[in-house]
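Spelled out from the first residue to the last, the chains are:
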Amino acid sequence: MSAIGLGAMMFATRMGNSKQESVDVIHRALDAGINLIDTADAYEDSEDIVGHALKGRRDDVVLATKFGRPVDDNPNHRGASRRWIVAAVENSLRRLQTDYIDIYQLHRSDPDTDLEETLSALTDLVRSGKIRAFGTSTLPASNLVQAQWIAERHGYERPHTEQPPYSILNRGIEREVLPIAQQYGLGVLVWGPLGQGMLTGRVRRGHDNDVIRAQLLSSFHDQRRLDAVERLIPVAAQAGLSMPHLAMAFTIAHPGVTGALLGARTMSHLDDLLTGTDTVLGDDVLDEIDDIVPPGTDAGPLDQDHTPPAIQKAALRRRPLAERAAA
């Protein structure tokens, strides 16, 4: 698998491309040596577009997709139950126009479904040949370990990959997720290496930033992230690198990272990023980055990051009022 993969979320028609424009970008990536394409059933019509682009080239590609996030307003069309997994994989196979999926990933954890049920269903898909392997996305380290234990205990196929967010601005996975992945031999495909656009160098303190994206992403207003970007810009300049090339090279410098996903939507974005795929950062540059965003820390929260129910729901972190009063 290539160290750089192509993330397909931006190819959804709603993002602005025509179908043919997205197909052309995918073909350009394949021609440049990228052989990993990652999409999801929740990315609107992205799977359809990827399936169309891979006609005649399917056998040369590691094709990854995901399930679990809502695909419409129907509450039954989401999650990690056996019922939905069996339906979701057939839907993805049809849209992708393929007989098998190389890596089928649980998009987010499902607190309403026992992990044993999920692994059992995915194991059956592997043994039926519909998927070659399965993995997870944005799971806490504790769930990664739990999944390995369940698989060993019951003789299920085990998860082989994890897809977490990782960038210079969000290094939290260095603390537990990456060491656990290395311990269990998990492939790690990181998303968001450009910090959702903040590491392109175009989002600056006091500049007229992209208004539409700034309204959508609260991280564009986070002063800690903006401060870090301002300090990173001269580091990149001194190293003779653009900010995107610095950011991409940083993610694949970690020995626990198997590959990083590019989220390029246009041909120009892709070509610019491809020119930096061979960039190697020296220890001096990595030391400077460590001084700006210390290892294992985040420069502010990441939009779309996973927040577990134990944090989201007050009822899970507060005893009932009557019980508190009695204590």
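Residues numbered from 1 in each chain as written. Predicted model: local features only at pLDDT ≥ 70, side-chain atom pairs only at ≥ 80, totals over all residues. Heavy atoms only, no water.

### Description of the overall build of the protein chain
Turning to step 1, where the next piece is worked out: Regarding its fold elements, the protein chain presents 13 helices and eight strands.
Turning to step 2, where the next piece is worked out: Taken over C-alpha atoms, the radius of gyration comes to 20 Å for the protein chain, in line with the 20 Å a tight globule of 327 residues would show.
Turning to step 3, where the next piece is worked out: Along the longest, intermediate and shortest principal axes, the C-alpha atoms of the protein chain span 65 × 55 × 35 Å.
Turning to step 4, where the next piece is worked out: Looking at the protein chain residue by residue over its 327 residues, the buried ones come to 51%. (Helix = DSSP H or I, 4+ residues; strand = E, 2+ residues; numbered from the N terminus. Rg over C-alpha atoms; globule rule 2.2 N^0.38 Å. Buried < 20%, exposed > 50% of the residue type's maximum accessible area, 1.4 Å probe, protein only.)

### What to know about the sheet that holds strand β4 (residues 101-106)
Turning to step 1, where the next piece is worked out: With parallel pairing, eight strands are arranged side by side around a closed barrel as β1-β2-β3-β4-β5-β6-β7-β8. The mean inter-strand angle of the sheet, taken between neighbouring strand axes irrespective of direction, is 30°.
Turning to step 2, where the next piece is worked out: Sheet topology places β4 next to strand β5 (residues 131-137); five bridges connect them, and they run parallel. Each bridged residue has a counterpart across the sheet, and for Tyr104 the counterpart in β5 is Phe134. (Pairing = 2+ DSSP bridges. Axes fitted to C-alpha atoms, helices over the stretch in contact; angles between N-to-C directions.)

### Notes on the pattern of salt bridges
Turning to step 1, where the next piece is worked out: Evaluation of the coordinates by the stated rule reveals 13 salt bridges.
Turning to step 2, where the next piece is worked out: Here Arg171 ties to Glu174 by a salt bridge, and the two come within 3.0 Å at their closest N and O atoms. Neither residue differs from the other here; Arg171 and Glu174 are each classed as buried.
Turning to step 3, where the next piece is worked out: A salt bridge links Arg319 to Glu323, with the nearest nitrogen and oxygen atoms 2.8 Å apart.
Turning to step 4, where the next piece is worked out: Judged by relative accessible area, Arg319 falls into the exposed class, the value being 55%.
Turning to step 5, where the next piece is worked out: The network of salt bridges with shared partners includes Arg171, Glu174 and Asp290. (Salt bridge = Lys/Arg side-chain N within 4 Å of Asp/Glu carboxyl O.)

### Focus: the packing of aromatic side chains
Turning to step 1, where the next piece is worked out: This structure, assessed with the given rule, holds two aromatic pairs.
Turning to step 2, where the next piece is worked out: Relative to Phe250, the ring of Tyr166 lies with its centre 5.6 Å away and its plane at 35°, an arrangement referred to as tilted. You can see Tyr166 sitting in the loop between β6 (161-163) and α6 (177-184) and its partner Phe250 sitting in helix α9 (residues 243-251), a full 84 residues away along the chain.
Turning to step 3, where the next piece is worked out: Looking at Arg58, its charged tip hangs above the ring of Tyr100, at a distance of 4.2 Å from the centre.
Turning to step 4, where the next piece is worked out: One residue, Arg132, lies across the ring of Tyr100, its end atom 3.8 Å from the ring centre. (Phe/Tyr/Trp six-rings, centres within 6.5 Å; stacked < 30°, edge-to-face > 60°. Lys NZ or Arg CZ within 6 Å of the ring centre and 35° of its normal.)

### Considerations on the nonpolar core
Turning to step 1, where the next piece is worked out: One finds Ile26, Tyr104 and Ile131 to be the most contacted residues of the largest nonpolar core, which totals 85 residues.
Turning to step 2, where the next piece is worked out: In this structure Tyr104 touches Thr65, Phe67, Ile85, Ala88, Val89, Leu122, Leu125, Ile131, Ala133, Phe134 and Gly135, once residues within four positions along its chain are discounted. (Core = buried A, V, L, I, M, F, W, Y, C linked by side-chain atoms within 4.5 Å. Contact = heavy atoms within 4.5 Å.)

### Notes on the pairing of strand β7 (residues 187-190)
Turning to step 1, where the next piece is worked out: Side chains Gly187 and Leu189 of β7 all project onto a buried face; the interleaved residues Val188 and Val190 project onto the opposite face, where all are buried too.
Turning to step 2, where the next piece is worked out: As paired elements, β6 and β7 share two bridges and run parallel to each other. Residue pairing in the sheet places Thr161 in a bridge with Gly187 of β7.
Turning to step 3, where the next piece is worked out: Once you follow β6 into α6 and on to β7, the crossover reads as right-handed. (Right-handed = clockwise from strand over helix to strand, strands pointing away.)

### Quick notes on the packing of helix α2 (residues 46-53) against helix α3 (residues 82-96)
Turning to step 1, where the next piece is worked out: Taken N-terminus to C-terminus, the directions of α2 and α3 make an angle of 45°; their axes are 7 Å apart at the nearest point. Our classification of the angle between α2 and α3 gives oblique. For the pair α2 and α3, the contacting residues are Glu47, Asp48, Val50 and Gly51 in the first and Ser92, Arg95 and Leu96 in the second.
Turning to step 2, where the next piece is worked out: The class makeup of the residues in the contact of α2 with α3 is two nonpolar, two polar and three charged. (Parallel < 35°, antiparallel > 145°, perpendicular 65-115°, else oblique. Nonpolar A, V, L, I, M, F, W, Y, C, P; charged D, E, K, R; others polar.)

### With respect to the environment of Val89
Turning to step 1, where the next piece is worked out: Residue position: Val89 is located in helix α3.
Turning to step 2, where the next piece is worked out: The spacing of Val89 and Ala3 is 86 residues in sequence and 26 Å in space, taken between C-alpha atoms.
Turning to step 3, where the next piece is worked out: Leaving out residues up to four positions away in the same chain, Val89 has contacts with Ile101, Tyr104, Leu125 and Ile131.

### Observations concerning a negative patch on the surface
Turning to step 1, where the next piece is worked out: Residues Asp283, Asp284, Asp287 and Asp291 make up a contiguous surface patch of negative charge.
Turning to step 2, where the next piece is worked out: Tracing the sequence through the fold places Asp283 in helix α11 (residues 283-292). (Patch = residues over 30% accessible without salt bridge, like charges linked within 9 Å, V, L, I, M, F, W, Y side chains within 5 Å. Areas by Shrake-Rupley, 256 points an atom, 1.4 Å probe, with all protein chains shown as cover. Lys, Arg positive; Asp, Glu negative; His and termini not counted. Charge placed at Lys NZ, Arg CZ, Asp CG, Glu CD.)

### Some remarks on α9
Turning to step 1, where the next piece is worked out: Taken across its nine residues, α9 has nine buried, putting it largely inside the fold.
Turning to step 2, where the next piece is worked out: Those residues of α9 that are buried lie in contact with β1 (4-7), β7, α8 (223-238), β8 (259-262), α10 (267-274) and α11.

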